[in-house]
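Each chain, written out:
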Amino acid sequence: MGIQIDLDKCVGCGNCVPACPFGLLEIIDEKVQVKDGCNFCGACQEACDYEAVVIEAVNQVSVPSDSHRGVWVFAEQRHSQLKSVVYELVSKGRKLADTLETELCAVCLGHNINEVEQLIAYGADKVYLIDSPVLAHFHEDLYTRKLVELIQEYKPEIVVAGATPHGRSFIPRVAAMLRTGLTADCTGLEIDVETRLLLQTRPTFGGNIMATIICQAKRPQMATVRPRVFRKEAPSKGKKGQIIKMDLDSEGVTSSTKLLDFIEDITEAVKLEEADIIVSGGRGLGKAENFQLLEELANVLGAALGSSRPLVDDGWISYPHQVGQTGKTVCPKLYIACGISGAVQHLAGMQTSDNIVAINNDPNAPIFEVATYGIVGDLFQIVPMLIEKLKNG
Amino acid sequence: MNIVVCLKQVPDTTDIKIDPQTNTLVRQGIKNIVNPFDTYALEEGVRVKERYGGRVTAISMGPAQAEEVLREAIATGADDAVLLSDGAFAGADTLATAYTLARAINKLEQYDVIICGRQTIDGDTGQVGPELAEMLKLSFVAYVSKIDEISNGYMRVKRMIEDGYEVMETPLPAVLTVVKEINVPRLPSLRGLTKAKSAVIPVWTAQELGVDNNMVGLSGSATRVIEIFFPQRVRCGEIFQGELESQVSRLVDKLREATIV
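Draft legend 1. Main features of the overall build of chain B. Within chain B one finds seven helices and 15 strands. The principal-axis extents of the C-alpha atoms in chain B amount to approximately 70 × 45 × 40 Å. Within chain B, the fraction of its 261 residues that count as buried is 52%. Restricting the contact set of chain B to residue pairs at least 6 apart, pairs at least 24 apart contribute 69%.

Have a look at this one:
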């Protein structure tokens, strides 16, 4: 199991060493050695001209039966409103289903959910709807059990869900119950037409590396996607579809966790993921009070306020504002980065924005590599000018 | 109260640079550290012990060197530690990792609370906690920012969600994942360091866990990495030149032309 080096074949040429994206190979005494941490991606095997790298075939050749068909989107709602990520996933799911020549279904659990028919306009062929007062609030055990039951009954080949706090909490439980694979925070989903496999691409290793992942022998193939990663397409009014209402049969489901209370945090209601424009600040602001300047710019633009991680760590601004690997992934029409150098963890959370404006006094800051427009200079001069010009017509 | 804390040794990904010549990660000088999110899990475990009594067992799956994170855990308050290490565990995805951890926790027999960090900084999936809960058939609460109370076999916690906090009640035993808002981890004590130095940390292999080799490591993984590549960063953007004032004007013009503002 795993990776082996055939020491008779290895000539110690070292061609494989730079091929390893994780830098795990080393030539010792004219033979290559593999350090711990290998995920068997096979890059070294391709680089070796001597067939010295052996990655043992994994016991997973059993091709799943053809009985699994269809693409499913978990249509999460909160306070009876479908989440915006649901429309993004339905738009993407439509394309996947078209490529696979199969149907797209949305699964919706909740109570008095608004605009369920919109799921059809955005591309769903069927909506499985379970409406019950019991499901008005996120009821983790019931959600987990119901989704598992539906998947077992209808056997979709693909299930995607939003990487929201609730999604990230219960979707892994669904995957574990079904003993199938789940790929978190995908930024790319494509179909390999020949094998019908879902190619799931995601950033890993702190956003330094992209990995494409497959789930070969288990069904369904499951993935979560952060909000704002895929585009919400325009709805089509004439699109036909079915809403299939189902009863909540909660018999036998013993719910262990109970929601006692929900405390809305109004001060922290920063809808960063929903914002069209984000003004974001980094270390270059110098001190917490200087956020006022960015707030002013944000007000002029009707923008939300974002931040890089160090400022949150230092308590200049609260966590819901944090953009990046351990904060939020955003994809606004315009992201204005002020005094942000662009650490890879920050870039991971915002580099897919439609337009990025970078304002920074260091011309070598990595943020300029992802910028659509850049101004090198003092943000305390530039931002007030920008506010002035935006105000005056 | 028997508390189990899961920890992972990870490369400090915040320090990683990419060699532009070879397009590989520069590993040299990159330290292996305790996954930062797991330090909050450990601290919370120790605090629960201090409030309600009991023992904290730190557990980690990884190569032999992952023992380091367990010694650190003992230095900062864990009573016992177990390392799950076996060549057969290598290449595990979250499903196989959760399975292996679940088997080990079952072997511990006594547990009331299992605490994990919200995610790791290398894999970033946040899936092992909830998958572990399901494998152990225990109740689960993610993103816990406060443990309010534990009494009569129940626990009341607050969890962070996008627009506020949910107050949840869960019976024990339960699995929690915690966020960094929950506490400020302590530094190792002198006594802890001495204890850590001499602690004997048992290593449990696949055989000791009695696991089927097809359920662990790469063989037990439902997902597989088929390609690795580096993110394209270069956008070929326009860096304005000239007087600052005119640069700002051009920026505003461009944004207006594109009807962005």
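Draft legend 2. Representation of the overall build of chain A. In terms of helices and strands, chain A carries ten helices and 22 strands. Projected onto its principal axes, the C-alpha positions of chain A cover 70 × 65 × 45 Å. Taking all 393 residues of chain A together, the buried fraction comes to 51%. If you take every contact in chain A between residues at least 6 apart in sequence, the share linking residues at least 24 apart comes to 64%.

Draft legend 3. Looking closely at the sheet that holds strand 18 (residues 277–281) of chain A. The strand order across the open sheet built from six strands is 19(A)-18(A)-20(A)-21(A)-22(A)-15(B), with neighbouring strands paired in parallel fashion. With partners counted over all chains shown, the strands left at the sheet margins are strand 19 (304–307) of chain A together with strand 15 (238–239) of chain B, one partner each. Relative to strand 22 (residues 373–376) of chain A, strand 21 (residues 355–360) of chain A runs parallel, the two sharing four bridges. The residue of strand 22 of chain A that forms the bridge with Ile 359 of chain A is Ile 375 of chain A. Taken strand by strand, helix 6 (residues 291–301) of chain A contacts strand 18, strand 19 and strand 20 (334–338) of chain A, and its axis lies near 170° from that of strand 18 of chain A.

Draft legend 4. The nonpolar core, seen in detail. Core analysis: the largest hydrophobic core is formed by 203 residues, its most contacted members being Ala 106, Val 107, Ala 337 and Val 357 of chain A together with Val 5 and Ala 58 of chain B. For this core, the element with the most residues is helix 3 (residues 94–108) of chain B, which contributes eight residues. If we ignore the near neighbours within four places in the chain, the residues touching Ala 58 of chain B are Val 5, Leu 7, Leu 42, Leu 70, Ala 73, Ala 78 and Ala 81 of chain B.

Draft legend 5. Broad picture of the environment of Tyr 143 of chain A. Residues and elements named next belong to chain A. Counting through the fold element by element, Tyr 143 comes out in helix 4 (residues 140–154). Overall, Tyr 143 belongs to the buried group, with 23 C-beta atoms counted inside 10 Å. Along the backbone, Tyr 143 and Pro 363 are 220 residues apart, and their C-alpha atoms lie at a distance of 50 Å. Once residues lying within four places of it in the same chain are set aside, the contact partners of Tyr 143 are Leu 109, Phe 138 and Phe 170.

Draft legend 6. A look at the domain arrangement of chain A. Residue and element names in this part refer to chain A. Splitting chain A by domain gives domain 1 (3–55), domain 2 (71–246) and domain 3 (268–391). Look at where the C-alpha atoms of domain 2 and domain 3 centre, and you get two points 31 Å apart. Of the residues lining the interface, nine residues belong to domain 2; the matching set on domain 3 comes to eleven residues.

Draft legend 7. Local environment of helix 6 of chain A. Residues and elements named next belong to chain A. Listed as buried for helix 6 are Phe 291, Leu 294, Leu 297, Ala 298 and Leu 301. Angular distribution of buried residues about the axis of helix 6 spans 115°; they occupy a single face of the element. With respect to the buried face of helix 6, the exposed residues turned more than 90 degrees away are Gln 292 and Asn 299. Close packing links the buried residues of helix 6 with strand 18, strand 19, strand 20 and helix 10 (379–391). Taken from the residues just after helix 6, Gly 302 is the one with a positive phi, measuring 65°.

Draft legend 8. Spatial organisation of helix 4 (residues 128–136) of chain B. Counting buried positions along helix 4 of chain B yields nine of nine residues, so the element is predominantly enclosed. What helix 4 of chain B keeps buried is the set Val 128, Gly 129, Pro 130, Glu 131, Leu 132, Ala 133, Glu 134, Met 135 and Leu 136 of chain B. For helix 4 of chain B, the secondary structure elements touched by its buried residues are helix 5 (165–178) of chain A together with helix 3, strand 8 (113–117), strand 9 (139–151) and strand 12 (174–178) of chain B. Where helix 4 of chain B terminates, the next one or two residues include Lys 137 of chain B, which has phi positive at roughly 55°.

Draft legend 9. Examining unusual backbone geometry more closely. Residue Pro 220 of chain A is reached from Arg 219 of chain A by a cis peptide bond, and omega for that bond is -5°. Here Pro 220 of chain A shows up in the loop between strand 14 (209–215) and strand 15 (221–225). The omega angle of the peptide bond from Leu 172 of chain B to Pro 173 of chain B is 0°, so this bond is cis rather than trans. Looking at the element boundaries, Pro 173 of chain B is found in the loop between strand 11 (164–171) and strand 12.

Draft legend 10. Spotlight on the interface of chain A and chain B. Counting from both sides, the interface comprises 80 residues of chain A and, opposite them, 79 residues of chain B. Looking at which element gives the most residues to the side of chain A that touches chain B, the answer is helix 5 of chain A, with nine residues. Considering only residue class, the side of chain A that touches chain B consists of 44 nonpolar, 24 polar and twelve charged.

Draft legend 11. Quick look at the sheet that holds strand 10 (residues 154–161) of chain B. Spatial strand order, 17(A)-11(B)-10(B)-9(B)-12(B)-8(B)-1(B)-6(B)-7(B)-13(B): ten strands in an open sheet with mixed pairing. Both outer strands of the open sheet, strand 17 (258–264) of chain A together with strand 13 (203–204) of chain B, are each paired with one neighbouring strand and no more. Here six bridges tie strand 9 of chain B to strand 10 of chain B, and the two strands are oriented antiparallel to one another. The residue of strand 10 of chain B that forms the bridge with Ile 150 of chain B is Met 155 of chain B. Here helix 3 of chain B sits on the sheet and contacts strand 1 (2–7), strand 6 (55–61), strand 7 (80–84), strand 8 and strand 13 of chain B; the angle it forms with strand 6 of chain B, its principal contact strand, is near 145°. Sheet strands in contact with helix 4 of chain B are strand 8, strand 9 and strand 12 of chain B, and its direction is about 180° off that of strand 12 of chain B.

Draft legend 12. View of the confidence of the model for chain B. Confidence in the prediction of chain B, expressed as mean pLDDT, is 92, and 97% of residues score 70 or more. For this predicted complex, the interface confidence comes out at an ipTM of 0.92, alongside a pTM of 0.87.

Draft legend 13. Highlighting the packing of helix 10 of chain A against helix 7 (residues 244–257) of chain B. It is the contact of helix 10 of chain A with helix 7 of chain B, at a shortest axis distance of 10 Å, that shows an interaxial angle of 50°. If you check the angle between helix 10 of chain A and helix 7 of chain B, you find them oblique. The handedness of the crossing between helix 10 of chain A and helix 7 of chain B comes out as right-handed. In this structure, helix 10 of chain A uses Gln 381, Ile 382, Met 385, Leu 386, Lys 389 and Leu 390 of chain A to contact helix 7 of chain B, whose residues at the interface are Leu 244, Glu 245, Val 248, Ser 249 and Val 252 of chain B. The residue makeup of the contact of helix 10 of chain A with helix 7 of chain B, split by class, is seven nonpolar, two polar and two charged.

Draft legend 14. Representation of the environment of Leu 187 of chain B within the structure. All names here are of chain B. As for its placement among the helices and strands, Leu 187 is situated in the loop between strand 12 and helix 5 (190–198). Since 8 C-beta atoms lie within 10 Å of it, Leu 187 is described here as exposed. Once the C-alpha coordinates of Leu 187 and Gln 207 are considered, the two residues, 20 residues apart in sequence, prove to be 35 Å apart.

Draft legend 15. Quick look at the pairing of strand 18 of chain A. Residues and elements named next belong to chain A. Burial of strand 18 is extensive: five of the five residues sit out of reach of the surface. Here strand 18 shows two buried faces, one formed by Ile 277, Val 279 and Gly 281 and the other by Ile 278 and Ser 280. Across five bridges, strand 18 lies against strand 20 in parallel orientation. The residue bridging Ser 280 from the neighbouring strand is Ala 337, located in strand 20. For the handedness criterion, the β-α-β arrangement of strand 18, helix 6 and strand 19 is classed as right-handed.

Draft legend 16. Region of the structure containing the packing of helix 4 of chain A against helix 5 of chain A. All names here are of chain A. Close contact between helix 4 and helix 5 brings their axes to 9 Å; oriented N to C, the two are set at 45°. Considering the angle they form, helix 4 stands oblique to helix 5. The crossing of helix 4 and helix 5 is right-handed. Touching Glu 140, Tyr 143, Thr 144, Leu 147, Val 148 and Ile 151 of helix 4 are Ser 169, Phe 170, Arg 173, Val 174, Met 177 and Leu 178, all from helix 5.

How each quantity is defined
Residues numbered from 1 in each chain as written. Chains lettered and ligands numbered in written order. Predicted model: local features only at pLDDT ≥ 70, side-chain atom pairs only at ≥ 80, totals over all residues. Helix = DSSP H or I, 4+ residues; strand = E, 2+ residues; numbered from the N terminus. Buried ≥ 20, exposed ≤ 12 C-beta atoms within 10 Å, placed from the backbone. Contact = placed C-beta atoms within 7 Å. Pairing = 2+ DSSP bridges. Axes fitted to C-alpha atoms, helices over the stretch in contact; angles between N-to-C directions. Core = buried A, V, L, I, M, F, W, Y, C linked by C-beta atoms within 7 Å. Domains from an automatic or database assignment. Arc of directions from axis to C-beta. Nonpolar A, V, L, I, M, F, W, Y, C, P; charged D, E, K, R; others polar. pLDDT = per-residue confidence, 0-100. Parallel < 35°, antiparallel > 145°, perpendicular 65-115°, else oblique. Left-handed = near helix turned anticlockwise from the far one by under 90°. Right-handed = clockwise from strand over helix to strand, strands pointing away.

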